[in-house]
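# Secondary and tertiary structure notes
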Amino acid sequence: TSHKIAQEVEGIDIIVDGHSHSQETTKINNTYIAQTGTKLANIGKITIQVDDQNKVSACTTELIAESTYKESYTNDAEVSALYQQKMDELAPILNQKVADLNVPVFAFYNGTAGTRTSRVEETPGGSMVADAMVEEGQKLLTSIGKGDYPVVSLENGGGVRADLAGDTVTVGNILDVLPFGNMISIKEVTPAVLYDTLENGYKSLALTTDGYIDTSAASGGFAQIGGMRCELDVSKAA
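Residues numbered from 1 in each chain as written. Predicted model: local features only at pLDDT ≥ 70, side-chain atom pairs only at ≥ 80, totals over all residues. Heavy atoms only, no water.

The secondary structure content of the chain amounts to six helices and nine strands. Relative to the compact-globule value of 18 Å for 238 residues, the chain shows a C-alpha radius of gyration of 23 Å, a clear excess of over 25%. Counting only C-alpha atoms, the chain reaches 70 × 50 × 45 Å along its principal axes. Put simply, the chain has 238 residues, and 25% of those count as buried. If you take every contact in the chain between residues at least 6 apart in sequence, the share linking residues at least 24 apart comes to 51%. As displayed, the chain has an accessible area near 16600 Å², and 52% of this comes from carbon and sulfur atoms. (Helix = DSSP H or I, 4+ residues; strand = E, 2+ residues; numbered from the N terminus. Rg over C-alpha atoms; globule rule 2.2 N^0.38 Å. Buried < 20%, exposed > 50% of the residue type's maximum accessible area, 1.4 Å probe, protein only. Contact = heavy atoms within 4.5 Å. Areas by Shrake-Rupley, 256 points an atom, 1.4 Å probe, with all protein chains shown as cover.)

Shown next as structure tokens:
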């Protein structure tokens, strides 16, 4: 972690941290550590003073809240025009139809703010992704003469990023659901390894005092699965 690095490595003036989704302004072993949170809720400003020996003599940090910076700044016309130009160029690809959709395929349950459902339970969107992975995995194994192998899949719930709610599915919709460009990886594993993997995927699940799944314990590691079923007892420790 950044704290451990700052404690054990000399000569680092500033660490701009990330991906823990936390806010931080810390000084450890002469290293300043700063982080602004997540989802552009804040913009960070770091002001550095350097002495005659070219050493950092002081460092101050500031968090500028979204409400403040949105009031203070307007869109840059040149950047906005470039963005629109690129979107226009991509439109013929993004608008290509992939499939018809007879029913909505939810991963977030209607996109309710804060309800990232694929992180706490099986969802239609998560199952769709996992089933597609099984199908492609079976095709690949068949192509190398191993089509009789059983294929199961795991997709981390945090990687299923959008609902499909329209009448048709486009390439752009698929990129909304799966924006990270990951590749399918196939491994031959024992049942014991698979069991441990599922345990890892569900280890953060917890119950509220009234016996419901605790959504505050949601984890991007929650396993959306295909080609298999599993039974959980959330009241027990992983």
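There's more to say after this.
A word on the pairing of strand E3 (residues 31-36). Taking burial as the measure, the six residues of E3 include five buried ones, the bulk of the element. As paired strands, strand E1 (residues 14-16) and E3 are joined by three bridges and run parallel to one another. Across the sheet, the residue bridging to Ile-15 is Ile-33, located in E3. As paired elements, strand E2 (residues 23-28) and E3 share six bridges and run antiparallel to each other. Residue pairing for E3: Gln-23 is matched across the bridge by Thr-36. (Pairing = 2+ DSSP bridges.)

This brings us to the pattern of salt bridges. For the coordinates displayed, the defined rule picks out seven salt bridges. Across the pair Lys-97 and Asp-100 runs a salt bridge whose closest N-O atoms are separated by 2.7 Å. Taking relative accessible area as the criterion, Lys-97 reaches 55% and is therefore assigned exposed. Of the charged contacts in the structure, one is a salt bridge between Glu-135 and Lys-139, with a shortest N-O distance of 3.8 Å. Highlighted residues: Glu-135 and Lys-139, both in helix H4 (residues 124-143), separated by four residues, approximately one helical turn. One network of salt bridges, in which partners are shared, links Glu-135, Glu-136 and Lys-139. (Salt bridge = Lys/Arg side-chain N within 4 Å of Asp/Glu carboxyl O.)

The phi dihedral of His-19 falls on the positive side, at around 70°, and the residue is not glycine. On the basis of relative accessibility, which here comes to 74%, the residue His-19 falls in the exposed class. One non-glycine residue, His-21, adopts positive backbone phi at about 65°. One can find His-21 in the loop between E1 and E2. In this structure His-21 comes out as partly exposed when scored by relative accessible area, which is 46%.

Another aspect to go through is the packing of aromatic side chains. Per the counting criterion, the structure on display carries one aromatic pair. Residues Tyr-202 and Phe-222 carry aromatic rings whose centres are separated by 4.9 Å and whose planes lie at 65° to one another, so their mutual orientation is edge-to-face. Of this pair, Tyr-202 sits in helix H6 (residues 191-202) while Phe-222 sits in the loop between H6 and strand E9 (223-226), placing them 20 residues apart in sequence. Neither residue differs from the other here; Tyr-202 and Phe-222 are each classed as buried. (Phe/Tyr/Trp six-rings, centres within 6.5 Å; stacked < 30°, edge-to-face > 60°.)

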